[in-house]
Amino acid sequence: MLFRSAQTEPDPSNPVKIYRMESLEIIGSHRLAPKFLQTQLDLNHGTPLNDQIVMSTRQKLLGLGLFKSALLYMRKGSKPGLAKLFIELEEDDTVIGSWAMGGEVAITHGEPQARSSIDPDSPPMGYRMQLISRNLANQLHRASVLADINSSGQTQEIGFAYGFPRFSIEQT
């Protein structure tokens, strides 16, 4: 076992050595620069490598929605008490580039949400298009543009959303 199991109290009969990070190598990330990921993950020389750090780092990486898997492992460092941390990432092929596009066509699209009753003069069809980025400018910025258009070509709704770069935690 590479990492210490989470325990409420240390077991004196089975001492587990906590290693400190000597170096970090990130393998398999083509969308984000390894140095950028290291900074965002706050993994620096001397960081203690315990279960909490390893699991939260893995959850942060998978929570981005850009990677299919994240494997963390250690190798012996140059001095006692130090370890080299390796993170192997497998990018999710279903995320094409930095953008995703979606849309829908519906009868009375948008009407039930906008008003309590359907307007008889309003065209019965509607189109909704949305463009989403989870990794805008390869800096983990998030953005979304939405257009809701009725069948006459009139704009019902336009929206723009922006999210600051951050790591999120998802259940995996």
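Note that the structure is a prediction, hence the values are computed from the model and not measured.

Student: Describe the overall build of the protein, with residues and values.
Tutor: A count of helical and extended segments in the protein gives three helices and eight strands. Ordered by position in the sequence, the α and β elements of the protein form the string β-α-β-α-β-β-β-α-β-β-β. For the protein, the residues scored as buried account for 34% of the 172 residues in total. Counting every atom, the protein has about 11,100 Å² of accessible surface; 54% of that belongs to carbon and sulfur.

Student: Residues and numbers for the sheet that holds strand β4 (residues 82-91), please.
Tutor: Read across the open sheet, the four strands follow the order β2-β1-β4-β3; overall the sheet is mixed. For this open sheet the edge positions go to β2 (48-49) and β3 (67-76), each flanked by a neighbour on one side alone. Here β3 runs beside β4; their pairing, made up of nine bridges, is antiparallel. Paired with Ala70 across the two strands is Leu89, which belongs to β4. Set on the sheet, helix α1 (residues 34-41) makes contact with β1 (19-27) and β4; between it and β1 the angle comes to about 140 degrees.

Scoring rules and cut-offs
- Along each chain, residue indices are assigned from 1 in the same order as the chain's sequence is written.
- Two thresholds apply to this predicted model, a pLDDT of at least 70 for residue-level local features and 80 or more for giving and counting side-chain atom pairs, whereas whole-chain, interface and lining totals are computed over all residues.
- As a convention, hydrogens and water are excluded, and side-chain values are obtained from all of the structure's heavy atoms.
- Secondary structure counts use DSSP, requiring at least four H or I residues in a row for a helix and at least two E residues in a row for a strand, with both numbered from the N terminus.
- Accessible area is worked out with a 1.4 Å probe on protein chains only. A residue is then buried under 20% of its type maximum, exposed over 50%, and partly exposed in between.
- Working definition of accessibility: Shrake-Rupley area with a 1.4 Å probe, residue cover restricted to the visible protein chains.
- Two strands pair if DSSP finds at least two bridges between them.
- For this analysis, residues touch if any pair of their heavy atoms sits within 4.5 Å.
- Whenever a helix is involved, its axis is fitted only over the stretch in contact; in every case the axis is a line through C-alpha atoms, and angles between N-to-C directions fall within 0 to 180 degrees.

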